[in-house]
Amino acid sequence: MLVHDLATRGIFERIELETFDYFYGTGFGWHHQKIHAELGTLGEFLFGVCFCEHCRANAADAGVPVKSVRETVATTVDEIITGDVPSTLSPERWVRAHPAVADYLAVRERTLESLYADLASAAGDTPIGSYVGMPEPGNEWLCGVDLKRLGTHVDYYCLPAYESSPDAVLEAYHTVEALTSDVPVHVGLLPGQPAVHDGETLETMVVALRSVDVPRVSFYNYGLLPEQSLDWIENASE
Ligand SMILES: [Zn+2]
């Protein structure tokens, strides 16, 4: 396995996993828009629920009525497109009203947990971290992530908080932190377009994170940022 291979080379301080979950949707933005219907958060989520043969088999083994779950999800996507179900409806509320779908989603959370258990044992003594905050901080469950469950297998979480103000960064941090147990949450900042436009703002963000004892702050990323941003990082890191 890749993680085992990397870990046994003895040259990496840690291994970070990004979108190692049921990631879906257009959260990263699309250059050419190809969905000409308003799906909203709910529609994108339902459109992204995986019904591959493995997910279906896992759910069937757990006694979930897979066929009707799939029909419910597909029908609802159609109804969102026609406007019969509002695209603004919160996924949480919708799932609560559809217990069989909730069961299907619960199975994939357990599947992901067992995969993370495998990853942790493959990594051995090398710490592993996992990126959180997608599709937005606090709503990781939409990607099949239960922060408490996965927290028993990872050494830390890394939260990209590519925000424009210290308050927004702290809000993202506290939202995730409240959903985790004792797992440290590292925070990533973006000291450039479109998030941060001056060194002073970056400095206040780092100070704010220090004040709540965030154990590690990272910056996205050295290969892409203009030189001035590297100066801001240097000043903020002093
Ligand atoms: Zn699947």
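Everything that follows concerns the structure shown earlier in this document.
Residues numbered from 1 in each chain as written. Predicted model: local features only at pLDDT ≥ 70, side-chain atom pairs only at ≥ 80, totals over all residues. Heavy atoms only, no water.

**Student:** Is there a simple way to think about the overall build of the chain in this case?
**Tutor:** Within the chain, the regular secondary structure consists of 10 helices and five strands. Projected onto its principal axes, the C-alpha coordinates of the chain cover approximately 55 × 45 × 30 Å. Classification of the 238 residues of the chain by burial places 39% in the buried group. Of all intrachain contacts in the chain linking residues separated by at least 6 positions in sequence, the fraction that spans at least 24 positions is 78%. Only carbon and sulfur atoms are counted for the fraction: they give 51% of the accessible area of the chain, which is about 13000 Å². Computed over 14 positive and 36 negative side-chain charges, the separation of the two mean positions in the chain equals 9 Å. (Helix = DSSP H or I, 4+ residues; strand = E, 2+ residues; numbered from the N terminus. Buried < 20%, exposed > 50% of the residue type's maximum accessible area, 1.4 Å probe, protein only. Contact = heavy atoms within 4.5 Å. Areas by Shrake-Rupley, 256 points an atom, 1.4 Å probe, with all protein chains shown as cover. Lys, Arg positive; Asp, Glu negative; His and termini not counted. Charge placed at Lys NZ, Arg CZ, Asp CG, Glu CD.)

**Student:** What's the story with the pairing of strand β2 (residues 128-131) in this structure? I'm lost.
**Tutor:** The two faces of a sheet get side chains in turn, since along a regular strand they alternate between them. Pairing between strand β1 (residues 15-17) and β2: three bridges, direction parallel. Along β2, the bridge assignment pairs Glu-16 with Gly-129. Bridge count for β2 against strand β3 (residues 156-160) is three bridges, and the pairing is parallel. Note on β3: the bridge partner recorded for Ser-130 is Tyr-157. (Pairing = 2+ DSSP bridges.)

**Student:** What should I look at first to understand helix α2 (residues 40-48) in this one?
**Tutor:** Because each turn of an α-helix spans 3.6 residues, side chains separated by three or four positions in sequence point in the same direction. Those residues of α2 lying buried are Gly-40, Leu-42, Gly-43, Phe-45 and Leu-46. Among the structural elements, α4 (66-82), α5 (91-96) and α6 (99-123) are those in contact with the buried residues of α2.

**Student:** How should the state of the cysteines be read in this particular structure?
**Tutor:** Here a disulfide denotes one covalent bond, and it connects the sulfur atoms of two cysteines. Evaluation of the coordinates by the stated rule reveals zero disulfides. Here Cys-143 is not disulfide-linked; the sulfur of Cys-50 is the nearest cysteine sulfur, at 12 Å. (Disulfide = S-S within 2.5 Å.)

**Student:** Quick question: what am I supposed to make of a nonpolar patch on the surface here?
**Tutor:** Side chains of Tyr-162, Tyr-220 and Leu-224 sit close together on the surface and give an oily, nonpolar patch of about 310 Å² of accessible area. Mapping Tyr-162 onto the fold places it in the loop between β3 and α8 (166-179). Accessibility expressed as a relative area gives 33% for Tyr-162, which makes it partly exposed. (Patch = residues over 30% accessible without salt bridge, like charges linked within 9 Å, V, L, I, M, F, W, Y side chains within 5 Å. Salt bridge = Lys/Arg side-chain N within 4 Å of Asp/Glu carboxyl O.)

**Student:** Would you explain the nonpolar core in this entry?
**Tutor:** Soluble globular proteins tend to pack their nonpolar side chains together in the buried interior. In this structure, Phe-45, Leu-46, Tyr-104, Val-187, Leu-189 and Leu-202 are the most contacted members of the largest nonpolar core, which totals 66 residues. In terms of residue count, α6 provides more of this core than any other element does, nine residues in total. Excluding anything up to four places from it in sequence, Phe-45 contacts Tyr-24, Pro-91, Val-95, Leu-105, Arg-108, Trp-141 and Leu-142. (Core = buried A, V, L, I, M, F, W, Y, C linked by side-chain atoms within 4.5 Å.)

**Student:** Is there a simple way to think about the sheet that holds β3 in this case?
**Tutor:** In a beta sheet, neighbouring strands pair by backbone hydrogen bonds and run either parallel or antiparallel. Read across the open sheet, the five strands follow the order β1-β2-β3-β4-β5; overall the sheet is parallel. On the outer flanks of this sheet lie β1 and β5 (217-219), each paired with one strand and no other. For this sheet the average axis-to-axis angle between neighbouring strands, irrespective of direction, equals 30°. Seen against the sheet, α6 touches β1 and β2 and runs at an angle of roughly 145° to β2. The sheet contacts of helix α9 (residues 199-211) involve β4 (185-189) and β5, and relative to β4 the element is tilted by about 175°. (Axes fitted to C-alpha atoms, helices over the stretch in contact; angles between N-to-C directions.)

**Student:** Please clarify how the coordination of the zinc ion should be interpreted in this entry.
**Tutor:** Ideal geometry at a metal centre gives angles of 109.5 degrees when four donors are arranged tetrahedrally and 90 or 180 degrees when six donors are arranged octahedrally. The protein atoms that coordinate the zinc ion are Cys-50 (SG), Cys-52 (SG) and Cys-55 (SG), at distances spanning 2.2 to 2.3 Å. If you list the donors of the zinc ion from N- to C-terminus, the spacing comes out as C-x1-C-x2-C. Exposure remark for Cys-52: the relative accessible area of 30% places this residue in the partly exposed category. (Donors = N, O, S within 2.8 Å, 3.2 Å for Na, K, Ca; no water.)

**Student:** Would you explain the packing of α9 against helix α10 (residues 227-236) in this entry?
**Tutor:** Two numbers describe a pair of packed helices, the interaxial angle and the distance between the axes. Closest axis-to-axis distance for the α9/α10 pair is 9 Å, and the angle between their directions is 35°. Crossing of α9 over α10 shows right-handed handedness. On the side of α9, the interface is formed by Gly-199, Leu-202, Glu-203, Val-206 and Arg-210, while α10 contributes Trp-232, Ile-233, Asn-235 and Ala-236. (Left-handed = near helix turned anticlockwise from the far one by under 90°.)

**Student:** Is there a simple way to explain the packing of aromatic side chains in this structure?
**Tutor:** How two aromatic rings sit relative to each other is set out by the distance from centre to centre and by the angle between their planes. Tallied over the entire structure, the rule returns five aromatic pairs. Taking 5.5 Å as the distance between ring centres and 85° as the angle between the ring planes, the aromatic pair formed by Phe-20 and Tyr-116 counts as edge-to-face. One end of the pair, Phe-20, is in the loop between β1 and α2; the other, Tyr-116, is in helix α6, and 96 residues separate them in sequence. You can call Tyr-116 buried: its relative accessible area is 1%. Between Tyr-24 and Phe-45, the ring centres sit 5.9 Å apart and the planes meet at 65°, which makes this aromatic pair edge-to-face. Of this pair, Tyr-24 sits in the loop between β1 and α2 while Phe-45 sits in helix α2; the two residues are 21 residues apart in sequence, bridging distant segments of the chain. This pair shows no difference in class: Tyr-24 is buried, exactly as Phe-45 is. Taken together, the ring pairs connect Tyr-24, Phe-45 and Trp-141 into an aromatic cluster. (Phe/Tyr/Trp six-rings, centres within 6.5 Å; stacked < 30°, edge-to-face > 60°.)

Purely geometric numbers; function is a separate question.
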